[in-house]
Amino acid sequence: MSPLLVEILLFMVGLACLVKGGDWFVDGAGGIAHRFRMPEVLIGATVVSIGTTIPEVMVSSTAVLTDGASDMAYGNAIGSIICNTALIAAVTMTFRPAPVEKDSLKKPIFFFFGAAALYVIVSYATGFFSRPVGIILLAIFVAYVIVAVKDAMGQRETRAEAAGTDVSGGTLTREASAAADADGIIPVRTPVDPDESRMTDEYVENVINRYGEDGENVRSFVFDEDGAGAETVDSGAEPSDANGRSAASGADSKADADSDKKELIKYVIFLILGAAIIAVGADLLVDNGTLIAEAVGVPKSVIALTFVALGTSLPELVTAITSLVKGHSDLSLGNVIGANLFNLVLVSGLAITLKPFHIPVEKTIAGINASLVVDIPVMLAVMLIMCLPALIKGKIYRTQGICLLAIYAAYIGFQFA
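All of these numbers come straight from a predicted model, not from anything done at the bench.

### So, the overall build of the protein chain
Part 1 of the argument: From N to C terminus, the protein chain includes 14 helices and six strands.
Part 2 of the argument: Counting every position in the protein chain, which comprises 417 residues, the buried fraction comes to 40%.
Part 3 of the argument: About 20600 Å² of surface is accessible on the protein chain, with carbon and sulfur atoms providing 65% of the total.

### A few points about the packing of aromatic side chains
Part 1 of the argument: Within this structure, the stated rule accounts for nine aromatic pairs.
Part 2 of the argument: Ring centres of Tyr119 and Phe129 lie 4.7 Å apart, and the angle between their planes is 35°; this geometry places the pair in the tilted category. Taken together, the positions of Tyr119 in helix 5 (residues 102-125) and Phe129 in strand 1 (residues 128-129) put the pair 10 residues apart, joining distant regions of the chain.
Part 3 of the argument: The exposure class of Phe129 is buried, given its relative accessible area of 0%.
Part 4 of the argument: Through pairs of rings, three or more aromatic residues link up here, namely Phe110, Phe111, Phe141, Tyr144 and Phe342.

### Digging into the nonpolar core
Part 1 of the argument: Tyr74, Phe129, Leu137, Leu333, Leu344 and Met386 are the most contacted members of the largest nonpolar core, which totals 78 residues.
Part 2 of the argument: Discounting residues that sit within four places of it in the chain, Phe129 has contacts with Tyr74, Tyr119, Val122, Ser123, Ile352, Pro356, Phe357 and Ile359.

### Re unusual backbone geometry
Part 1 of the argument: The backbone of Ala366 shows a phi angle near 55°, a positive value even though the residue is not glycine.
Part 2 of the argument: Assignment of secondary structure puts Ala366 in the loop between strand 5 (364-365) and strand 6 (368-369).

Criteria and cut-off values
Residues numbered from 1 in each chain as written. Predicted model: local features only at pLDDT ≥ 70, side-chain atom pairs only at ≥ 80, totals over all residues. Heavy atoms only, no water. Helix = DSSP H or I, 4+ residues; strand = E, 2+ residues; numbered from the N terminus. Buried < 20%, exposed > 50% of the residue type's maximum accessible area, 1.4 Å probe, protein only. Areas by Shrake-Rupley, 256 points an atom, 1.4 Å probe, with all protein chains shown as cover. Phe/Tyr/Trp six-rings, centres within 6.5 Å; stacked < 30°, edge-to-face > 60°. Core = buried A, V, L, I, M, F, W, Y, C linked by side-chain atoms within 4.5 Å. Contact = heavy atoms within 4.5 Å.

Shown next, in the form of structure tokens:
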């Protein structure tokens with residue numbers, strides 16, 4: 001087997017490791033967060049969003065610490081933004097154009113173009129990304145996460161109050177409910193999230209285990225107004241302890257505790273394995289991507305802008321396809337905008353902070369760095385084409401998708417010309 005073929009195979013193995021490792025990492029982190037009852041909004045704004053960007057983070061960080069591979073770190077971030085927008089989001093727009101919630105897109109778009117303004121100024125003014133620039137980009141990332149979490153928590157509280165529940169899914173007090181009535185809001189006494197309801201599968205199963213499937217031991221089982229639950233059983237029910245718990249219930253509680261412990265161990269293993277596999281995949285991708293570029297005479301930045309960018313964008317691609325199938329076009333669009341922001345402020349910010357670098361000059365147009373003439377302008381153009389109609393009209397159009405796909409095809413053609 002030729003050395004080039006081995007390098008290509010290892011490159012593909014690296015891509016597979018990034019995708020699978022990222023999947024396990026998100027599962028593990030999300031499972032641990034749920035286990036410790038972190039709010040869903042916090043998980044979504046941090047664990048999941050960052051998890052889909054981990055492949056880019058690891059590739060860029062590994063590349064920038066590898067001698068002569070900083071151009072791959074630069075190209076991966078820019079290339080991923082272009083790929084996410086002009087290929088992944090474009091597919092969603094082309095096959096399922098639909099209305100979107102423009103208010104929810106305003107903040108991530110604002111943060112993206114704010115960070116992009118800094119990126120453009122530094123690129124054209126100095127061509128050198130210093131450590132202070134990297135720190136500023138990371139600070140923008142932290143600020144966005146804080147704003148996103150506060151926004152999401154506020155929306156959650158608003159929805160809960162409107163539904164007559166508190167943020168944990170419990171029923172509001174009579175005073176709070178009366179205040180909601182005064183405002184013309186009809187309170188709903190069932191939890192907003194069905195998973196937080198008392199009537200879960202686990203709860204029903206516990207009731208059946210305690211009273212019997214045929215219900216012979218149950219004389220009445222009713223909920224009081226506050227949802228605390230009141231129950232009356234006949235003399236045939238199992239004996240209970242001083243706290244009203246049956247022996248069977250105690251055994252079930254112990255079994256549940258053991259099950260929870262095993263679940264936690266599983267999620268920790270997923271987290272550790274996912275991180276390790278991502279690290280291995282990033283190393284394989286960078287090393288073999290560099291060797292392939294040298295063997296075929298293609299600039300490393302081109303490999304990063306195309307193959308590496310596409311490979312590390314696979315989590316976003318999977319999300320987009322899933323959202324498309326389920327009819328959630330706005331979910332796909334929001335995920336792409338969030339991923340693009342993280343590519344700019346987290347991926348680039350971390351790489352620059354670890355090791356400052358100049359913009360690579362491996363291709364020129366009329367004596368000017370091709371990245372300044374093509375890569376950065378294309379990145380900004382495709383983001384504007386995607387975002388402006390969504391912000392102005394609250395809708396995405398099929399013509400947008402077709403236009404973006406054409407731009408992506410032309411861009412890939414230029415890279416290999």
